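Analysis of the macromolecular model
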Amino acid sequence: MPHFNDLSKQLFGKPLNELGEIERRILAHARDRRTVATDSHAAFTAGLSFGDRLADSIARVGGSWSFIIGFCGFLVCWVLVNSVLLITGAFDPYPYIFLNLVLSMLAALQAPVIMMSQNRQAERDRFAASKDYEVNLKSEVELIALHHKVDDVLLREISELRADLATLNRQLEQYRSAPGRD
(Lines give C-alpha, C1' and ligand atoms only; values in the text may rest on other atoms or scores of the structure.)
Protein backbone atom coordinates (compact mmCIF):
# COMPACT_ATOMS: atom_id res chain seq x y z
CA MET A 1 0.00 0.00 0.00
CA PRO A 2 1.42 3.40 -0.91
CA HIS A 3 2.37 5.86 1.81
CA PHE A 4 -0.40 8.15 3.10
CA ASN A 5 1.25 11.28 1.67
CA ASP A 6 1.69 9.57 -1.73
CA LEU A 7 -2.01 8.68 -1.72
CA SER A 8 -2.87 12.27 -0.93
CA LYS A 9 -0.80 13.56 -3.85
CA GLN A 10 -2.12 10.88 -6.18
CA LEU A 11 -5.81 11.25 -5.32
CA PHE A 12 -6.17 14.91 -4.32
CA GLY A 13 -3.22 16.45 -6.11
CA LYS A 14 -1.80 18.03 -2.96
CA PRO A 15 0.31 16.91 0.00
CA LEU A 16 -1.24 15.56 3.16
CA ASN A 17 -0.57 18.70 5.21
CA GLU A 18 -2.69 20.77 2.79
CA LEU A 19 -5.76 18.54 3.09
CA GLY A 20 -8.76 19.57 5.14
CA GLU A 21 -10.17 17.51 8.00
CA ILE A 22 -12.86 15.89 5.86
CA GLU A 23 -10.39 14.99 3.10
CA ARG A 24 -8.03 13.39 5.62
CA ARG A 25 -10.84 11.39 7.18
CA ILE A 26 -12.04 10.22 3.75
CA LEU A 27 -8.49 9.29 2.76
CA ALA A 28 -8.12 7.24 5.95
CA HIS A 29 -11.46 5.53 5.28
CA ALA A 30 -10.41 4.76 1.69
CA ARG A 31 -7.01 3.45 2.77
CA ASP A 32 -8.56 1.21 5.43
CA ARG A 33 -11.43 0.15 3.12
CA ARG A 34 -14.08 1.36 5.57
CA THR A 35 -17.48 2.74 4.66
CA VAL A 36 -18.40 6.39 5.11
CA ALA A 37 -22.14 6.24 4.52
CA THR A 38 -24.29 6.57 7.62
CA ASP A 39 -27.93 7.21 8.38
CA SER A 40 -27.72 11.00 8.62
CA HIS A 41 -31.21 11.28 10.14
CA ALA A 42 -30.36 8.88 12.97
CA ALA A 43 -26.97 10.53 13.52
CA PHE A 44 -28.55 13.98 13.68
CA THR A 45 -31.49 13.06 15.91
CA ALA A 46 -29.16 11.27 18.34
CA GLY A 47 -27.74 14.67 19.31
CA LEU A 48 -31.08 16.39 19.88
CA SER A 49 -32.12 17.43 23.37
CA PHE A 50 -35.56 16.82 24.86
CA GLY A 51 -36.53 20.43 24.09
CA ASP A 52 -35.46 20.04 20.47
CA ARG A 53 -37.55 16.89 20.05
CA LEU A 54 -40.51 18.54 21.80
CA ALA A 55 -40.30 21.61 19.56
CA ASP A 56 -40.16 19.38 16.47
CA SER A 57 -43.21 17.44 17.67
CA ILE A 58 -45.17 20.63 18.36
CA ALA A 59 -44.24 22.03 14.95
CA ARG A 60 -45.18 18.73 13.30
CA VAL A 61 -48.62 18.77 14.97
CA GLY A 62 -49.14 22.53 14.61
CA GLY A 63 -48.38 22.41 10.90
CA SER A 64 -50.70 19.52 10.08
CA TRP A 65 -54.14 19.45 8.50
CA SER A 66 -55.50 17.54 11.49
CA PHE A 67 -54.51 20.43 13.77
CA ILE A 68 -56.01 23.03 11.43
CA ILE A 69 -59.29 21.12 11.07
CA GLY A 70 -59.42 20.33 14.79
CA PHE A 71 -58.70 23.93 15.73
CA CYS A 72 -61.37 25.18 13.31
CA GLY A 73 -63.76 22.75 15.02
CA PHE A 74 -62.72 24.17 18.41
CA LEU A 75 -63.37 27.74 17.19
CA VAL A 76 -66.81 26.81 15.82
CA CYS A 77 -67.69 25.10 19.11
CA TRP A 78 -66.47 28.13 21.09
CA VAL A 79 -68.61 30.48 19.03
CA LEU A 80 -71.66 28.19 19.19
CA VAL A 81 -71.39 27.67 22.94
CA ASN A 82 -70.92 31.37 23.67
CA SER A 83 -73.45 32.68 21.15
CA VAL A 84 -76.24 30.14 20.94
CA LEU A 85 -76.22 27.85 23.94
CA LEU A 86 -75.24 30.31 26.62
CA ILE A 87 -77.23 33.30 25.45
CA THR A 88 -77.64 34.75 28.90
CA GLY A 89 -74.63 33.38 30.78
CA ALA A 90 -71.92 33.23 28.13
CA PHE A 91 -68.45 33.33 29.68
CA ASP A 92 -67.07 34.99 26.52
CA PRO A 93 -69.83 36.97 24.77
CA TYR A 94 -69.77 38.29 21.23
CA PRO A 95 -66.63 40.08 20.44
CA TYR A 96 -65.00 36.97 22.01
CA ILE A 97 -62.25 38.84 23.81
CA PHE A 98 -61.13 35.78 25.77
CA LEU A 99 -60.96 33.75 22.55
CA ASN A 100 -58.78 36.47 21.01
CA LEU A 101 -56.51 36.29 24.05
CA VAL A 102 -56.26 32.49 23.72
CA LEU A 103 -55.50 32.76 19.99
CA SER A 104 -52.87 35.45 20.60
CA MET A 105 -51.17 33.36 23.28
CA LEU A 106 -51.25 30.31 21.05
CA ALA A 107 -49.70 32.27 18.16
CA ALA A 108 -47.12 33.85 20.48
CA LEU A 109 -46.02 30.42 21.70
CA GLN A 110 -46.38 28.46 18.50
CA ALA A 111 -44.47 30.85 16.21
CA PRO A 112 -41.09 30.67 18.02
CA VAL A 113 -41.42 26.89 18.44
CA ILE A 114 -42.04 26.49 14.70
CA MET A 115 -39.10 28.80 13.94
CA MET A 116 -36.85 26.72 16.22
CA SER A 117 -37.95 23.62 14.37
CA GLN A 118 -37.29 25.27 11.00
CA ASN A 119 -33.81 26.30 12.14
CA ARG A 120 -33.14 22.73 13.23
CA GLN A 121 -34.41 21.49 9.86
CA ALA A 122 -31.88 23.79 8.19
CA GLU A 123 -29.17 22.34 10.47
CA ARG A 124 -30.35 18.83 9.57
CA ASP A 125 -30.14 19.70 5.87
CA ARG A 126 -26.59 21.05 6.29
CA PHE A 127 -25.63 17.91 8.23
CA ALA A 128 -27.10 15.67 5.51
CA ALA A 129 -25.34 17.71 2.80
CA SER A 130 -22.05 17.29 4.66
CA LYS A 131 -22.57 13.53 4.86
CA ASP A 132 -23.48 13.44 1.16
CA TYR A 133 -20.28 15.35 0.37
CA GLU A 134 -18.22 12.83 2.34
CA VAL A 135 -19.83 9.88 0.55
CA ASN A 136 -19.37 11.54 -2.85
CA LEU A 137 -15.75 12.38 -2.06
CA LYS A 138 -15.05 8.79 -0.98
CA SER A 139 -16.70 7.55 -4.19
CA GLU A 140 -14.47 9.82 -6.24
CA VAL A 141 -11.38 8.66 -4.34
CA GLU A 142 -12.34 5.02 -4.89
CA LEU A 143 -12.99 5.64 -8.59
CA ILE A 144 -9.66 7.38 -9.04
CA ALA A 145 -7.89 4.53 -7.21
CA LEU A 146 -9.73 2.02 -9.39
CA HIS A 147 -8.69 3.91 -12.54
CA HIS A 148 -5.07 3.84 -11.38
CA LYS A 149 -5.27 0.08 -10.77
CA VAL A 150 -6.83 -0.51 -14.20
CA ASP A 151 -4.21 1.72 -15.82
CA ASP A 152 -1.43 -0.21 -14.06
CA VAL A 153 -2.87 -3.53 -15.24
CA LEU A 154 -3.26 -2.24 -18.81
CA LEU A 155 0.27 -0.82 -18.88
CA ARG A 156 1.67 -4.10 -17.54
CA GLU A 157 -0.29 -6.09 -20.15
CA ILE A 158 0.82 -3.75 -22.94
CA SER A 159 4.42 -4.12 -21.77
CA GLU A 160 4.07 -7.92 -21.74
CA LEU A 161 2.47 -7.85 -25.20
CA ARG A 162 5.33 -5.72 -26.52
CA ALA A 163 7.86 -8.14 -25.04
CA ASP A 164 5.99 -11.07 -26.62
CA LEU A 165 5.86 -9.22 -29.95
CA ALA A 166 9.59 -8.50 -29.79
CA THR A 167 10.25 -12.19 -29.07
CA LEU A 168 8.07 -13.22 -31.99
CA ASN A 169 9.82 -10.73 -34.28
CA ARG A 170 13.23 -12.12 -33.26
CA GLN A 171 12.02 -15.67 -33.86
CA LEU A 172 10.61 -14.64 -37.26
CA GLU A 173 13.91 -12.99 -38.21
CA GLN A 174 15.81 -16.10 -37.14
CA TYR A 175 13.44 -18.26 -39.14
CA ARG A 176 13.86 -16.08 -42.24
CA SER A 177 17.63 -15.92 -41.95
CA ALA A 178 18.07 -19.63 -41.27
CA PRO A 179 20.24 -21.43 -43.89
CA GLY A 180 18.27 -23.41 -46.41
CA ARG A 181 15.42 -20.88 -46.40
CA ASP A 182 15.45 -19.03 -49.66
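Everything numeric in this text was worked out from a predicted model, so none of it was measured.

When its secondary structure is counted, the protein chain shows six helices and zero strands. For the protein chain, restricting intrachain contacts to residue pairs at least 6 apart in sequence, the fraction spanning at least 24 positions comes to 60%. Seen as two clouds, the 20 positive and the 22 negative side-chain charges of the protein chain have centres 3 Å apart.

As a further point, take helix 4 (residues 50-62). Helix length check: helix 4 (13 residues) gives 18 Å between terminal C-alpha atoms against 18 Å at 1.5 Å per residue, within 8%. Along helix 4, the positions that sit buried rather than exposed are Ala55, Asp56, Ala59 and Gly62. Around the axis of helix 4, the buried residues are gathered within 135° of arc, so they sit on the same side. Facing away from the buried side of helix 4, by more than 90 degrees, are the exposed residues Phe50 and Arg60. Turning to helix 4, the residues buried within the fold contact helix 5 (65-85) and helix 6 (97-177).

What follows covers the nonpolar core. Counting residues in each nonpolar core, the largest one holds ten residues, listed as Leu7, Leu11, Phe12, Leu19, Ile26, Leu27, Ala30, Val36, Leu137 and Val141. Elements supplying a minimum of two residues to this core: helix 1 (4-12), helix 2 (21-32) and helix 6. Aside from chain neighbours lying at most four places away, what touches Leu19 is Ser8, Phe12, Lys14, Arg24 and Leu27.

A few words now on a nonpolar patch on the surface. A cluster of nonpolar side chains, contributed by Leu143, Leu146, Val150, Leu154, Leu155 and Ile158, occupies part of the molecular surface with about 550 Å² of accessible area. Among the structural elements, Ile158 can be located in helix 6. Looking at Ile158, the relative accessible area reads 40%, which means it is partly exposed.

Thresholds, definitions, all that
- Residues numbered from 1 in each chain as written.
- Predicted model: local features only at pLDDT ≥ 70, side-chain atom pairs only at ≥ 80, totals over all residues.
- Heavy atoms only, no water.
- Helix = DSSP H or I, 4+ residues; strand = E, 2+ residues; numbered from the N terminus.
- Contact = heavy atoms within 4.5 Å.
- Lys, Arg positive; Asp, Glu negative; His and termini not counted.
- Charge placed at Lys NZ, Arg CZ, Asp CG, Glu CD.
- Expected span 1.5 Å × (residues − 1).
- Buried < 20%, exposed > 50% of the residue type's maximum accessible area, 1.4 Å probe, protein only.
- Arc of directions from axis to C-beta.
- Core = buried A, V, L, I, M, F, W, Y, C linked by side-chain atoms within 4.5 Å.
- Patch = residues over 30% accessible without salt bridge, like charges linked within 9 Å, V, L, I, M, F, W, Y side chains within 5 Å.
- Areas by Shrake-Rupley, 256 points an atom, 1.4 Å probe, with all protein chains shown as cover.
- Salt bridge = Lys/Arg side-chain N within 4 Å of Asp/Glu carboxyl O.

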